[in-house]
Protein chains: 4
Amino acid sequence: MGNSFGHLFRITTWGESHGGGGGVIIDGCPPNLAITTEEIQVELDRRRPGQSRITTQRQEADRVEILSGLFEGKTLGTPISMLVWNKDVRAKDYEEMRTKYRPSHADYTYQAKYGIRNWQGGGRASARETIGRVAAGAVARKILREACGTEILAYVKQVHKIAVDINPDTVTQKQVEANIVRCPHPETAERMIERIKQARAEGDSLGGIVEAVARSVPVGLGQPVFDKLEADLGKALLSLPACKGFEVGSGFAGAEMTGSTHNDPFYSNGKRVRTRTNYSGGIQGGISNGEDILLRVVFKPTATILKEQETVDVQGNPTTLKGRGRHDPCVLPRAVPMVEAMVALVLCDHYLRYRAQCGEPTPDL
Amino acid sequence: MGNSFGHLFRITTWGESHGGGGGVIIDGCPPNLAITTEEIQVELDRRRPGQSRITTQRQEADRVEILSGLFEGKTLGTPISMLVWNKDVRAKDYEEMRTKYRPSHADYTYQAKYGIRNWQGGGRASARETIGRVAAGAVARKILREACGTEILAYVKQVHKIAVDINPDTVTQKQVEANIVRCPHPETAERMIERIKQARAEGDSLGGIVEAVARSVPVGLGQPVFDKLEADLGKALLSLPACKGFEVGSGFAGAEMTGSTHNDPFYSNGKRVRTRTNYSGGIQGGISNGEDILLRVVFKPTATILKEQETVDVQGNPTTLKGRGRHDPCVLPRAVPMVEAMVALVLCDHYLRYRAQCGEPTPDL
Amino acid sequence: MGNSFGHLFRITTWGESHGGGGGVIIDGCPPNLAITTEEIQVELDRRRPGQSRITTQRQEADRVEILSGLFEGKTLGTPISMLVWNKDVRAKDYEEMRTKYRPSHADYTYQAKYGIRNWQGGGRASARETIGRVAAGAVARKILREACGTEILAYVKQVHKIAVDINPDTVTQKQVEANIVRCPHPETAERMIERIKQARAEGDSLGGIVEAVARSVPVGLGQPVFDKLEADLGKALLSLPACKGFEVGSGFAGAEMTGSTHNDPFYSNGKRVRTRTNYSGGIQGGISNGEDILLRVVFKPTATILKEQETVDVQGNPTTLKGRGRHDPCVLPRAVPMVEAMVALVLCDHYLRYRAQCGEPTPDL
Amino acid sequence: MGNSFGHLFRITTWGESHGGGGGVIIDGCPPNLAITTEEIQVELDRRRPGQSRITTQRQEADRVEILSGLFEGKTLGTPISMLVWNKDVRAKDYEEMRTKYRPSHADYTYQAKYGIRNWQGGGRASARETIGRVAAGAVARKILREACGTEILAYVKQVHKIAVDINPDTVTQKQVEANIVRCPHPETAERMIERIKQARAEGDSLGGIVEAVARSVPVGLGQPVFDKLEADLGKALLSLPACKGFEVGSGFAGAEMTGSTHNDPFYSNGKRVRTRTNYSGGIQGGISNGEDILLRVVFKPTATILKEQETVDVQGNPTTLKGRGRHDPCVLPRAVPMVEAMVALVLCDHYLRYRAQCGEPTPDL
């Protein structure tokens, strides 16, 4: 259990990093949505390994195949099964992991829980699992765009100690995609790239922060009290590999604020109720209020590093281990499309839940 | 939908702040657990309003009644229904909210989503809804304690700009309960209490941070890839009223770290595999590794303040509003038992999920 | 687990036959539905004990209280909690069951599964549990009636060996309610009543068959492949106490038919596609086709009889037992509103699921 | 939604009859189960088309590929993805169905619900969808066999008007597999085969009844009140294509019985509580009692027949249609492994649910 996500737009992913491949099933997709393999591939290309000199050099084209659920270019309303074959598998890089646990990886916990693990790579805990999420996210985004005009955008806000403030109202995908680190501020991006290269040269790795904004979200998405929009977004993003924290709107900075500054005053723009500030991050009482949904997620430094580290073997004897296998010195650039996909999956699910209980939502005005 | 939480230890809560009462059903509780009304009441007393001079003065004894699922002091394995009646209801305090939206409350979003709202108080969005969570959490804690020896403890780490570092390995519940703000560092607690009094005097409110630790958690809890332990914890805590962020282990601070310092080296204590540091926060690959689970959640300043604020009425006309109704100038002290309850619910659910797939877990060594 | 039903219109019931009471929570009800306590009570009155001389003489008024989810007579979209207190409890009638298992009751299986049972009556296995179902069913029926014009009607078709064919297209609720056995054919009803009286006089009990029809069901309800409409209806009805079988359309009689007679020819009535016969029972490929949904369920003879029977005690020693406690000599008359409620719950859930995936369905033409 | 089944041993199937292929994901499988492709293939061979002269002549080897979840011959506890490619696809046979609805097929209801359908064959409504069920069922059976010694066996009890009583206690799989119609009574099997050949010659089709028995089922499986074992079995079987009815134990025959004959007297065999008769069909109060679980399901005559039938086209105009495409004149022989698979899936799911709530069940004594 645990390999499905969503209540009405429900995805189930499968696959190990060094098994035959990986994929996803979408159940609950509305019928008659026009979607092409290319529209999905473009998102997978943004997450695939080997896409630039600051990502892992594992070479995977990650070409997606759609096996069911489409007919003459449109969704049937039946399950959409999508698959990507693994190609560039080098199990021998992992021979040492047969008997040793990599620090801060999932080797030990998988072995302890299941009594067995696929030690040829990260197995199910590998970030290759996110292929299915990104493929399904592309479908979710298209539904949201067509039904509500919703636009979802993520970008790198911080790498190690290099951070920048981005205006979420105006940032464009073109700006984000203009450089390989996916930070829409060119000078900062350049510094981040240099910092990542330095980390790679040192055999080390870096953490950082991704910020995401969803614009033109219909008012009313979110289901109190447990499936609040921020709760489902938080779960979605915290389920990404290496994610250690999530915040929405004011987030942790809100701890130091007072109610009189934090409260977002209401006004009317003549068409709908708006707020003058957005410390709420577009969500009040667990329900979207039509303002931009704004959130941030932190990713820890990649666990695989090329330095010798203290660990134990499967018998519990002390030993040391030095990372091999190809890896990302910093997951942030490739995390951007993953974050967007997870936000899209949550919003699409809640859009359908809204329809079920309350009928078609009013589009953004 | 959205009023249930958990997959195997599943709770469903109901009730509005100014309806007849509120309650919870627990479905999936193991049979033959000895539990008394008093054991549940003690947790409710920690969250009830009017418990001290820094909380809301609404007077609710919040006496719990157990209506089903127990027989001769033991659980039957059937649904446990628990109920608390509302007593100190003052709907007239809210008359103005019939036509005006309180900033940063759920008034507007509920009205927009459902086309109707119970304006006599916070309705379903009120923190009174957490009564059911805390009552169910008391049952979950007892299961975990008896089956695994697990202990869950939360405390106030920060109020506004007053923060303190607490040693999660050694802090005790007695220390936490020694003062009304539930910060286990007496001098800091005193300053926090003064700060809260000041905010109340100013008609303002404050945010802050709660930290929680779970000790003696069995190795192996958590279900990759979507129901990772940190993902379910994150969802649980972000579903609490006023919560704006969640982090586990290194959390947001991990952004500025390198892999060589962040990785937790493994060693053996002769009985089981341990880690020398705990930046992972007790979870690796979404699965507990037997170290303390350590997390932090941020609560925004209470939205109700006694200052005049800009807002709109239900027709969208500009107006102003000054909070009435009794309220907490700072939710942190009462949030502590809520946080503990949510952590307990998640761990108990994953304990049962572990049993289903992998049999009885090994207790902590 | 197992005490909830439905995916979007989700009910959770609780309560034991001799505990304080029982109830239900509805989660997912659309907002702004006008509904009164009286509309729910009228259905409960049809299922309550002591309603006639052929039902159990346990005296329970079964007055329902609505504790949440309504405001000024309309649903809020939040959980609707409803409760009925037990009044006429005679635990002493059950003293013997503390140590003996009643044949074909749930005493033994509950004890074996849970290691504990509430032996004061049927506990959770009692038909009193259906109070919550019937109360929630009343809400579901109102939703279906208002949104789609759907009408659901059940009636007793057979008691022991006395059976009658009823025309499902024309039968009315008035005809069904015209007699205490709820068979819409007066002469047959009279014979059934006499047969039930005879069984009671003999200390014995009788089985029988209920037939149900749903008219004006929108085309398109049902979710292939596992949540086919007949599959969800089957589950709903087989979960009723004493139900041993379910069939839809041609049912078991279809075994002896050929395709050329069983297939339902299509034609058009100028407004929509219809079928000339209805061996499909209104469902094709798991999806409603707009024809009447027609189904039958069989109930076994009540397990409680006033004759001495062979059994064992809780130590496994042979003994005998003679039923005490008040009971129905034949559950059929009171099963009618239960069957209607379960059909309504399934259809309402699938109506909301249709809305989520496909938008508002076309009403029947 | 609707393409997943099970709560803890959860399967999700995908695929259309004339798409690229079909498959299944199992989520929740316990780790360390040894299972081979061959063990799964043997079950698929029992359901594959073209297996004998009385089934459809579509030639599909239906070779299964396991894409994930296994490592060195054992389950990992991660999702098991299995796939079968479609080979013998003749879309041109279906050209006429582009514009005409086949009577008693799912063509019309799919079109009405989704506004689109894959008319090249039965699409999602085709019995090819059951490939995934049978493959997953093979895994479930192995779990049950190894953990509890449970054995599941189904057989054809009736074809059209030719019926036979089989002793469920003693029947063997060898007897069932001894002939192509899968009726364990050789003389009756011969008559059934002749009857099916005759129907094929006439271009017609036949219905019938499958009976299934589960032996050595642990006491305690089943979750009151909605997930009673008979309710989940009923749903599972009614979700099979062409199934129109389900009964357990006495079933519909119980309508004509009295309590004094229907009640199953308890006795002790020295090791556990047993019943002298088994009208309960091995389930009491929704929970298995350790006796054989005995059930029957009815399948309607195949909708595809080679006779001209009245129907309408997609514009609603009257027309006629004569079946083409290869098809089974009687689905019963191939339904046997499907029935066994569904029973296995339900029992395996409830076995894991039992473990979660009550620990490891006692094996049959």
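Presented here is a report on the structure given in the accompanying data block.

Rules behind the numbers
Residues numbered from 1 in each chain as written. Chains lettered and ligands numbered in written order. Predicted model: local features only at pLDDT ≥ 70, side-chain atom pairs only at ≥ 80, totals over all residues. Heavy atoms only, no water. Buried < 20%, exposed > 50% of the residue type's maximum accessible area, 1.4 Å probe, protein only. Helix = DSSP H or I, 4+ residues; strand = E, 2+ residues; numbered from the N terminus. Pairing = 2+ DSSP bridges. Contact = heavy atoms within 4.5 Å. Axes fitted to C-alpha atoms, helices over the stretch in contact; angles between N-to-C directions. Core = buried A, V, L, I, M, F, W, Y, C linked by side-chain atoms within 4.5 Å. Polar contact = N/O pair within 3.5 Å; in protein donor to acceptor, adjacent residues only side chain to side chain. Buried area = accessible area lost by both parts, 1.4 Å probe. Salt bridge = Lys/Arg side-chain N within 4 Å of Asp/Glu carboxyl O. Nonpolar A, V, L, I, M, F, W, Y, C, P; charged D, E, K, R; others polar. Least-squares fit on C-alpha atoms with pLDDT ≥ 70 in both. Phe/Tyr/Trp six-rings, centres within 6.5 Å; stacked < 30°, edge-to-face > 60°. Lys NZ or Arg CZ within 6 Å of the ring centre and 35° of its normal. Parallel < 35°, antiparallel > 145°, perpendicular 65-115°, else oblique. Left-handed = near helix turned anticlockwise from the far one by under 90°.

### Section: the pairing of strand 10 (residues 208–215) of chain C
Residues and elements named next belong to chain C.
Right, so step 1: Burial analysis of strand 10 places eight of its eight residues in the buried class, which makes it a mostly covered element.
Right, so step 2: A two-sided burial pattern is seen for strand 10, the buried positions comprising G208, V210, A212 and A214 on one face and I209, E211, V213 and R215 on the other.
Right, so step 3: With eight bridges connecting them, strand 8 (residues 151–159) and strand 10 associate as antiparallel partners. Among the inter-strand pairings, Y155 is bridged to a residue of strand 10, identified as E211.
Right, so step 4: One ladder, built from seven bridges, connects strand 10 with strand 16 (residues 293–299); its direction is antiparallel. Note that in strand 16 the partner of E211 across the bridge is R296.

### Things to note about the sheet that holds strand 9 (residues 162–163) of chain D
Right, so step 1: If you trace the ten strands from one edge of the open sheet to the other, you get 9(C)-8(C)-10(C)-16(C)-11(C)-11(D)-16(D)-10(D)-8(D)-9(D), paired in antiparallel fashion. In the strand order of this sheet, the two ends are held by strand 9 (162–163) of chain C together with strand 9 of chain D, each with one partner.
Right, so step 2: Packing against the sheet, helix 8 (residues 332–358) of chain C makes contact with strand 8, strand 10 and strand 16 of chain C, and its axis sits at approximately 145° to strand 8 of chain C.

### Some points on the nonpolar core
Right, so step 1: Ranked by size, the top nonpolar core spans 356 residues in total, and within it F9(A), F9(B), F9(C) and F9(D) carry the most contacts.
Right, so step 2: Not counting residues within four places of it along the chain, the set of residues in contact with F9(B) comprises I26(B), D27(B), G28(B), C29(B), A136(B), V139(B), A140(B), I143(B), L345(B), C348(B), D349(B) and L352(B).

### Quick notes on the environment of R124(B)
Right, so step 1: Inspection of the secondary structure assignment puts R124(B) in the loop between helix 2 (107–114) and helix 3 (130–148).
Right, so step 2: Along the backbone, R124(B) and Y110(B) are 14 residues apart, and their C-alpha atoms lie at a distance of 9.2 Å.
Right, so step 3: Among all residues touching R124(B), those that are not within four sequence positions of it are V225(A), N3(B), T13(B), W14(B), G15(B), E16(B), Y110(B), E129(B), T78(C) and P79(C).
Right, so step 4: At 2.7 Å, the side chain of R124(B) forms a polar contact with the side chain of T13(B).

### Considering the interface of chain B and chain D
Right, so step 1: Chain B puts 13 residues into the contact, and the matching count from chain D is 13 residues.
Right, so step 2: Where chain B abuts chain D, roughly 990 Å² becomes buried across the two surfaces, and 50% of that area is made up of carbon and sulfur atoms.
Right, so step 3: Three residues stand out in chain B for area buried against chain D, namely R355(B), A356(B) and Q357(B), and they jointly supply 51% of the buried area on that side.
Right, so step 4: Run the count over chain B and chain D and you get zero salt bridges.
Right, so step 5: Per-class residue counts for the side of chain B that touches chain D are seven nonpolar, five polar and one charged.

### Describing the relation of the copies chain A and chain B
Right, so step 1: With an RMSD of 0.0 Å, the fit of chain A onto chain B corresponds to turning through 180° and sliding 0.0 Å along the axis. This pairing of chains is accounted for by a two-fold axis.
Right, so step 2: Taken together, the interface assignments show that 100% of the residues at the interface of chain A recur at the interface of chain B, consistent with an identical surface on both copies.

### Some words on the interface of chain A and chain B
The figure often quoted for interface size is the accessible area lost as the parts come together.
Right, so step 1: Counting from both sides, the interface comprises 105 residues of chain A and, opposite them, 105 residues of chain B.
Right, so step 2: Overall, the association of chain A and chain B removes approximately 8100 Å² of surface from exposure, summing both partners, and the carbon and sulfur fraction of that is 58%.
Right, so step 3: Among the residues chain A hides against chain B, the three largest losses belong to K113(A), F226(A) and K244(A). Together they make up 11% of the total.
Right, so step 4: Here chain A is connected to chain B by six salt bridges.
Right, so step 5: The closest approach of N and O atoms between D227(A) and K235(B), which form a salt bridge, is 2.7 Å.

### What to know about the packing of aromatic side chains
Right, so step 1: This model, assessed by the stated rule, comprises 26 aromatic pairs over all chains.
Right, so step 2: Seen from their ring centres, F226(A) and F5(B) are 5.6 Å apart, and the 35° between their planes marks the pair as tilted. Note that F226(A) is positioned in the loop between strand 10 (208–215) and helix 6 (229–238) and F5(B) in strand 1 (residues 4–5), a pairing that runs across two chains.
Right, so step 3: Exposure remark for F226(A): the relative accessible area of 0% places this residue in the buried category.
Right, so step 4: Here the guanidinium or amino end of R276(C) rests over the ring plane of Y267(C), the centre of that ring lying 4.2 Å away.

### Some details on the packing of helix 3 (residues 130–148) of chain D against helix 8 (residues 332–358) of chain D
Residues and elements named next belong to chain D.
Right, so step 1: The N-to-C vectors of helix 3 and helix 8 enclose an angle of 50°; their axes lie 7 Å apart at closest approach. In this view, helix 3 runs oblique relative to helix 8, as classed from their interaxial angle. At the point where helix 3 passes helix 8, the crossing takes the left-handed sense. Contacts between helix 3 and helix 8 pair T130, R133, V134, A136, G137, A140, R141, I143, L144, A147 and C148 from the former with P337, M338, E340, A341, M342, A344, L345, L347, C348 and Y351 from the latter.
Right, so step 2: Within the contact of helix 3 with helix 8, the residues separate by chemical class into 16 nonpolar, two polar and three charged.

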